[in-house]
Amino acid sequence: MQSKTKYNMIKGVVLITGASSGFGQTTANYLANKGYIVYGTSRKVVADSNINMIKMDVCQPESITAGIKHILEKEGRIDVLINNAGMGIGGSIELATSEEISLQMNTNFMGMANMCKEVLPIFRKQRSGKIINISSIGGIMGLPYQGFYSASKFAIEGYSEALAAEVKGFGIKVVLVEPGDFSTNFTANRKKSILTLENEDYTISYQKSLKIIENEENNGLKPISLAKRIDKIIKSKNPRFRYIVANFEQKLSVLLKQIVPGNMFIDILRSYYKV
Ligand SMILES: NC(=O)c1ccc[n+]([C@@H]2O[C@H](COP(=O)([O-])OP(=O)(O)OC[C@H]3O[C@@H](n4cnc5c(N)ncnc54)[C@H](OP(=O)(O)O)[C@@H]3O)[C@@H](O)[C@H]2O)c1
């Protein structure tokens, strides 16, 4: 266990998944520069002088157990868990293979749940801790040709709301962050459904949608804006449950979803994504 003095000087111990790239890498570095002790995780471990990188696959519970044991041995505590690791699969819902569905749901949803399962007993014992779950605007609306991605993020939303209610009494805070489109390696790392590309009923519409999606991501916001928002959330004594971090149009689409009839919103999505 580290001495109390050390923790009076530093801002806390942060564990962030998916820290080898994109949001995770930028946020981990930003927080380390701000004085937090940061542990970043990913499957490929790239040495980073600023953060303590640990090899972890969020789909492999034993690698999570080992990584968390290591942090507790070193620091004696964890103050913030940021569930950020994730990926996307593009394709029609009809033609998604069971392997693609499992990969999507296991990485984005089960990965987050696996992390929380290991960290919650620590936070409960401490009677403190913050869990920041990176959802997406795709967790608020079902994005065409990103159906299972959206489903994984909707699952995170429902899970987080229930969890927040269950653990508030233990001093544990749960926060959802819903980014719009950002320029990261997410676009290049997106897996694409071959069956959708090969199907004549879907291929043209899928390719048109994908072009729009990729264009918006490539010209999206820079991850540093998300890192700054996360720093503010960590510092806040009473953070909100939900933060949308997106451009004006994307925030407007969330508002639109709340006010227009469901079928009209689906038509808006179809028209916007050229389905
Ligand atoms: N970019 C956007 O426009 C956008 C918008 C909304 C939400 N998001 C969400 O933001 C999060 C981060 O995405 P990003 O944009 O930063 O993408 P990214 O640049 O592709 O980074 C993804 C990170 O997740 C890690 N990862 C993937 N699968 C993993 C696994 N099984 N176990 C452990 N780590 C894993 C990757 O590392 P390894 O491959 O080395 O494991 C990498 O560090 C995701 O949850 C994504 O859904 C992104």
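Above this text you will find the structure in question.
Quick caveat, the model's predicted, so the values are computed rather than measured. Within any chain, residue numbers begin from 1 and follow the written order of that chain's sequence. The predicted nature of this model means local features are confined to residues of pLDDT at least 70 and side-chain atom pairs, given and counted, to a pLDDT of 80 or more, with totals for whole chains, interfaces and linings taken over all residues. Only hydrogens and water are set aside when side-chain values are computed; all heavy atoms of the structure are taken into account.

(A) Expanded view of the packing of helix α3 (residues 61-75) against helix α4 (residues 98-126). Fitted lines through C-alpha atoms serve as axes, helices being fitted only where they are in contact, and the angles separating the N-to-C directions of these axes extend from 0 to 180 degrees. Secondary structure follows DSSP: runs of H or I at least 4 residues long count as helices, runs of E at least 2 residues long count as strands, and numbering of each begins at the N terminus. It is the contact of α3 with α4, at a shortest axis distance of 9 Å, that shows an interaxial angle of 35 degrees. Remark: the crossing between α3 and α4 carries right-handed chirality. Contacts between α3 and α4 involve Pro61, Ile64, Thr65, Ile68 and Leu72 from the first element and Asn114, Met115, Glu118, Val119 and Ile122 from the second. Each residue belonging to the contact of α3 with α4 can be placed in one class, and the counts come to seven nonpolar, two polar and one charged. By the definition used in this description, the sense in which the near helix is turned from the far one sets the handedness, with an anticlockwise turn below a right angle giving left-handed and a clockwise turn giving right-handed. A contact between two residues is defined here by any heavy atoms of the two lying within 4.5 Å. Gly counts as polar in this scheme, as do all residues outside two lists: the nonpolar Ala, Val, Leu, Ile, Met, Phe, Trp, Tyr, Cys and Pro, and the charged Asp, Glu, Lys and Arg.

(B) Up close: the packing of aromatic side chains. Each Phe, Tyr or Trp ring (for Trp, its six-membered ring) is paired with any other whose centre lies within 6.5 Å, and the angle between the two planes then decides the class: stacked below 30 degrees, edge-to-face above 60, tilted in between. Taken as a whole and judged by the stated rule, the model has six aromatic pairs. Note on Tyr145 and Tyr202: the rings are 6.4 Å apart at their centroids and 90 degrees apart in plane angle, and the pair reads as edge-to-face. Remark: Tyr202 occurs in the loop between α7 (194-198) and α8 (203-218) and Tyr145 occurs in the loop between β6 (129-134) and α5 (147-167); sequence separation between them is 57 residues. Relative accessibility decides the category of a residue: with a 1.4 Å probe and only protein chains considered, values under 20% of the type maximum give buried, values over 50% give exposed, and everything between is partly exposed. What makes Tyr202 partly exposed here is its relative accessible area of 21%. Within the aromatic cluster, the residues linked to one another by ring pairs are Tyr145, Tyr202 and Tyr206.

(C) Representation of the environment of Ile213 within the structure. Within the secondary structure, Ile213 is located in helix α8. Each C-alpha atom, one on Ile213 and one on Gly147, is 13 Å from the other, the two residues being 66 residues apart in sequence. When sequence neighbours within four positions are dropped, the list of residues in contact with Ile213 reads Pro144, Gln146, Arg190 and Tyr273.

(D) Quick look at the pattern of salt bridges. Here, a salt bridge means any side-chain nitrogen of Lys or Arg that lies within 4 Å of a carboxyl oxygen of Asp or Glu. Tallied over the entire structure, the rule returns seven salt bridges. With a closest N to O distance of 3.2 Å, Glu73 and Lys69 form a salt bridge. Pair noted here: Glu73 and Lys69 are both in helix α3, with a separation of four residues, about one helical turn. Residue classification places Glu73 among the exposed positions, given a relative accessible area of 57%. Two residues, Lys192 and Glu214, come together in a salt bridge whose shortest N-O distance is 3.2 Å. Separated by 22 residues along the polypeptide, Lys192 in strand β8 (residues 191-192) and Glu214 in helix α8 bring together distant segments of the chain. Judged by relative accessible area, which is 36%, Lys192 ranks as partly exposed. Taken together, the shared-partner salt bridges connect Glu157, Glu178 and Arg242 into one network.

(E) The site of the ligand, seen in detail. With respect to spatial proximity, 30 residues lie near the ligand, and among them Ser20, Ser21, Arg43, Tyr149 and Thr184 are the closest. Gly18 has a polar backbone atom sitting 3.1 Å from an oxygen atom of the ligand. A distance of 3.5 Å separates an oxygen atom of the ligand from a polar backbone atom of Gly86. A 1.4 Å probe and the Shrake-Rupley method give the accessible areas. Residues count as covered only by the protein chains that appear here. Burial of the ligand by the protein amounts to 96% of the accessible area it has alone, namely 890 Å². Here the shell around the ligand is composed, by residue class, of 11 nonpolar, 14 polar and five charged. Put simply, a residue is near a molecule or strand once any heavy atom of it comes within 4 Å of that molecule or strand. Identification of polar contacts relies on pairs of N or O atoms within 3.5 Å, with a donor-acceptor requirement for protein atoms, meaning one able to donate a hydrogen and the other able to accept it, and with residues adjacent in sequence counted only if both atoms are side-chain atoms.

(F) Structural view of the environment of Phe248. Structurally, the position occupied by Phe248 is in helix α10 (residues 248-259). Given a relative accessible area of 60%, Phe248 falls into the exposed group. Once the C-alpha coordinates of Phe248 and Gly180 are considered, the two residues, 68 residues apart in sequence, prove to be 9.8 Å apart.

(G) Spotlight on the sheet that holds strand β4 (residues 80-83). Strand pairing requires that DSSP identify at least two bridges connecting the strands. Strand order in the open sheet made by the seven strands is β3-β2-β1-β4-β6-β7-β9, with parallel pairing throughout. The open sheet has two edge strands with one neighbour each: β3 (52-55) and β9 (242-245). Going from strand to strand, the sheet's axes swing by 20 degrees on average, the running direction of each strand aside. When strand β1 (residues 13-17) meets strand β2 (residues 37-42), the two strands line up parallel, connected through five bridges. What sits directly across from Thr17, in β2, is Thr41. The sheet contacts of α5 involve β6, β7 (172-179) and β9, and relative to β7 the element is tilted by about 160 degrees.

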